[in-house]
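# An overview of the molecular structure
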Amino acid sequence: MKKIHLPLNKKTIKSLKVGERVLLSGRLLTARDAAHKRLVDALKNGKRLPISIKGEAIYYTGPTPAKGKEVIGSCGPTTSSRMDPFTPVLLRHGLIAMIGKGERSKEATASIKKHGAVYFVTIGGAGVYLSERVKKNKIVAYSDLETEAIRELIVEDFPAIVAIK
Amino acid sequence: MRTVKTDLIAKIIKKLCLKANIELRKDVLSALKQARKRESASLPRYILGVIIDNAGLAKKRQMPICQDTGMVVVYLKIGQEVRIKGNIRKAVESGAAQAYKQGFFRKSIVGDPIKRKNTGTNLPAVIHADIVPGNKLDVRVVVKGFGCENASRTKMFRPFDSTDLIEDFIVGAIRDAGSKACPPLYIGIGIGGTLDKAVGLSKEAVLRPVGRCSRLPYIARLERSILKKVNGLKIGAMGMGGKTTSLGVSILTYPTHIAGLPVAVNISCHATRDARKVI
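Each chain has its residues counted from 1, running along the sequence as written. Each chain takes a letter, starting from A, and each ligand takes a number, starting from 1, following the order in which they are written. Per-residue local features are limited, in this predicted model, to residues with pLDDT of at least 70; the limit for side-chain atom pairs, both in listing and counting, is 80 or more; totals at the level of whole chains, interfaces and linings are taken over all residues.

## Focus on the overall build of chain A
- Numbered from the N terminus, helices here are DSSP runs of H or I no shorter than four residues, and strands are runs of E no shorter than two. Per the secondary structure count, chain A includes five helices and seven strands.
- Counted from the first residue to the last, chain A has its helices and strands arranged as β-α-β-α-β-α-β-α-β-α-β-β.
- In this setup the radius of gyration rests on C-alpha atoms only. A globule is expected at 2.2 Å times the number of residues raised to 0.38. For 165 residues, the compact-globule estimate of 2.2 N^0.38 gives 15 Å, and the C-alpha radius of gyration of chain A, at 15 Å, lies within 12% of that figure.
- By its C-alpha atoms, chain A is 45 × 40 × 25 Å across when sized along the principal axes.
- Within the span of chain A, comprising 165 residues, buried residues form 45% of the whole.
- A pair of residues counts as a contact when their C-beta atoms, built from backbone coordinates, are separated by no more than 7 Å. Sequence-distant contacts in chain A: of pairs separated by 6 or more residues, those separated by 24 or more amount to 60%. Counts of 20 or more other C-beta atoms within 10 Å of a residue's own C-beta define buried residues, counts of 12 or fewer define exposed ones, and intermediate counts define partly exposed ones; C-beta atoms are placed from the backbone.

## Focus on the nonpolar core
Residues and elements named next belong to chain B.
- Nonpolar core, as used here: buried Ala, Val, Leu, Ile, Met, Phe, Trp, Tyr and Cys residues forming one set through C-beta atoms within 7 Å. In this structure, I13, C17, V141 and I189 are the most contacted members of the largest nonpolar core, which totals 118 residues.
- Looking at this core, the element that brings in the most residues is helix α1 (residues 6–22), giving nine residues.
- When residues of this core are assigned to domains, at least three fall in each of domain 1 (2–22 + 65–144) and domain 2 (147–277).
- Excluding anything up to four places from it in sequence, V141 contacts I13, L16, C17, A20, V72, V74, D274 and A275. Throughout the structure description, domain borders are defined by an automatic or database domain assignment.

## Here we look at the interface of chain A and chain B
- Listed per partner, the contact involves 26 residues of chain A and 29 residues of chain B.
- With three residues, helix α5 (residues 127–131) of chain A is the largest single contributor of residues to the side of chain A that touches chain B.
- Of the residues contributing to the side of chain A that touches chain B, the split by class is eight nonpolar, 14 polar and four charged. Ten residues, namely Ala, Val, Leu, Ile, Met, Phe, Trp, Tyr, Cys and Pro, are considered nonpolar, four, namely Asp, Glu, Lys and Arg, are considered charged, and the remaining ones, Gly among them, are considered polar.

## Things to note about the sheet that holds strand β10 (residues 273–278) of chain B
Residues and elements named next belong to chain B.
- A pair of strands is labelled paired if DSSP reports no fewer than 2 bridges between them. Taken in spatial order, the four strands line up as β4-β2-β5-β10 in an open sheet, and their pairing is mixed. The open sheet is flanked by β4 (126–132) and β10, the only strands paired with a single partner. Strand-to-strand twist across the sheet, computed as the mean angle between neighbouring axes with direction ignored, equals 15 degrees.
- Sheet topology places strand β2 (residues 71–79) next to strand β5 (residues 137–144); eight bridges connect them, and they run antiparallel. Opposite V74, over in β5, you have V141 as the bridge partner.
- Axes here mean lines fitted to C-alpha atoms, for a helix over just the part in contact, with angles spanning 0 to 180 degrees between N-to-C directions. Lying on the sheet, α1 is in contact with β2, β5 and β10; it crosses β5 at an angle near 40 degrees.

## Comments concerning helix α2 (residues 33–44) of chain A
Residue and element names in this part refer to chain A.
- By this rule the span expected of a helix is its residue count minus one, scaled by 1.5 Å. Taking 1.5 Å per residue as the helical rise, α2 with its twelve residues ought to reach 16 Å, and the 17 Å between its terminal C-alpha atoms agrees with that figure.
- Considered for burial, the residues of α2 that qualify are A34, A35, H36, R38 and L39.
- Considering only its buried residues, α2 is in contact with α3 (87–92) and β7 (150–164).
- Among the residues trailing α2, G46 stands out with phi positive, at a value near 70 degrees.

## Let's talk about the environment of B:I189
- With respect to the element layout, B:I189 can be found in strand β7 (residues 185–193).
- Not counting residues up to four positions away in its chain, the partners in contact with B:I189 are B:I170, B:S202, B:A205, B:V249, B:I251, B:V263, B:A264 and B:V265.

## Looking at the sheet that holds β7(B)
All names here are of chain B.
- Here we have four strands laid out as an open sheet, ordered β6-β9-β7-β8, and mixed in their pairing. Looking at the sheet topology across the chains shown, the edges are occupied by β6 (153–157) and β8 (246–256). Shown here is a sheet whose adjacent strand axes are inclined to one another by a mean of 15 degrees, direction ignored.
- As paired elements, β7 and strand β9 (residues 261–268) share six bridges and run antiparallel to each other. The partner of I187 across the bridge, within β9, is I267.
- Against the sheet, helix α2 (residues 26–38) engages β7 and β8, with an angle of about 130 degrees to β8.
- Relative to the sheet, helix α6 (residues 163–177) contacts β6, β7 and β9, its axis offset from that of β9 by approximately 30 degrees.

## Considerations on the environment of B:I51
All names here are of chain B.
- Its place among the elements puts I51 in helix α3 (residues 42–61).
- Take I51: there are 28 C-beta atoms within 10 Å of it, and that puts it in the buried class.
- Residues I51 and A237 lie 186 residues apart in sequence; the distance between their C-alpha atoms is 9.4 Å.

## Let's talk about the domain arrangement of chain B
All names here are of chain B.
- For chain B, the assigned domains read domain 1 (2–22 + 65–144) and domain 2 (147–277).
- One C-alpha centre belongs to domain 1, the other to domain 2; they are set 25 Å apart.
- In this complex, domain 1 contributes 14 residues to the contact, which on the side of domain 2 involves nine residues.
- Where the side of domain 1 that touches domain 2 is concerned, the elements lending two or more residues are α1 and β5.
- Counted by class, the side of domain 1 that touches domain 2 contains nine nonpolar, one polar and four charged residues.

## Describing unusual backbone geometry
Residues and elements named next belong to chain B.
- In this structure, the amide linkage connecting L123 to the following residue, P124, adopts the cis form with an omega of 0 degrees.
- Relative to the helices and strands, P124 resides in the loop between α4 (88–102) and β4.
- At the junction of P183 and P184, the peptide bond is cis and its omega measures out at 10 degrees in the coordinates.
- Mapped onto the secondary structure, P184 falls in the loop between α6 and β7.

## Here's the deal with the packing of α6(B) against helix α8 (residues 217–231) of chain B
Residue and element names in this part refer to chain B.
- One way to put it is that α6 packs onto α8 with a least axis distance of 10 Å and a crossing angle of 40 degrees. As far as their axial angle goes, α8 and α6 are oblique. The chirality of how α6 crosses α8 is right-handed. Here T163, E167, I170, V171 and I174 of α6 lie close against α8, whose contacting residues are L222, S225, I226, K229 and V230.
- Broken down by class, the residue content of the contact of α6 with α8 amounts to six nonpolar, two polar and two charged. Any angle that falls under 35 degrees is termed roughly parallel, while one over 145 is termed roughly antiparallel, one within 65 to 115 roughly perpendicular, and all others oblique. Crossing handedness: left-handed means the near helix sits turned counterclockwise from the far one by under a right angle, and right-handed means the same turn made clockwise.

Next comes the structure, spelled out in structure tokens:
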């Protein structure tokens, strides 16, 4: 199986095939509904983002709290299509990869292809299994959103399938 | 009259919230294992394997199966010979709050649907109470994630619309849900009653063990027909194709009005979760 290092570059994305299984290692940012709304509102108002999304991969997840010394709680993907209205704007600002579950809208799909970006899916409902691939977890923005805050995760051999490129 | 103290109800609710989130229902797990056995395509077989492994890991590590630990829905069937001492809603909510704190579950509830600020406790819960004969108290906790809840739908048919039309509506809902709702799905359907009754039935339908069919022969036939059509969509586990888009179809019916035929489809993911205790 193909091992991919994050952050991704466009050359690696070009070499991927739709339907191919990959293992991702490196940095992911997490963001779901509320964080997307804030990021896009900030961009619309010409404000600086609290984190750079250039060349980054966003994982759509809202993890459960970490128990004791654990790195993270259950952290499977959430439904990507809710992020569709925000995706083209983020791609225009340099986002290069997304991980979630389920189909994307026509507009989001076209935008992913146009920017030479990639959309991966991973296994919905496999929150504990996926949590074992997360090695570091740190909140980097919007901490008031708690589970919906933006986190930086360091993952190792995180399983995904190439869905749109 | 038998007296039940609300302290006991709180304790039970806490236990059931923990169990529902951590231990996958035996019938659902066994249906997933059967689906994996049947599957010959490698991608859906791999996905089903991970889902089954995840259920084992959740139990072993006492972690929630899915990060979407849901909105808590409580069904109370209160025997008419039972007297409850204390405030029932407070008891239910204190039990649920304790479970979500101690279990390290996600708090996914916003206090207002428009303003959308997280309550931080996963409260309030949705409570359905019913008065039944006898002196027992039947407590059931359902936790449902919103990936699949968002794909559910309802429609008011005309009284003499054919069952073919109803089947098309249901199959269409599953097609539109695609892989967003985390297939393989358990599909609950409510037919009859009023709008709210049909939705309620569709919710209760997935409490029936997967694989058990309706006692009404014409409804059991309808269940089989829908299951066949849905699996014919070839969406498969997490949209990766293969034989199993749905683990089962369960239909509940109720008398209805001469002018109507309400139908509700409750789409439930492969982590269909609930726990029950009768005292």
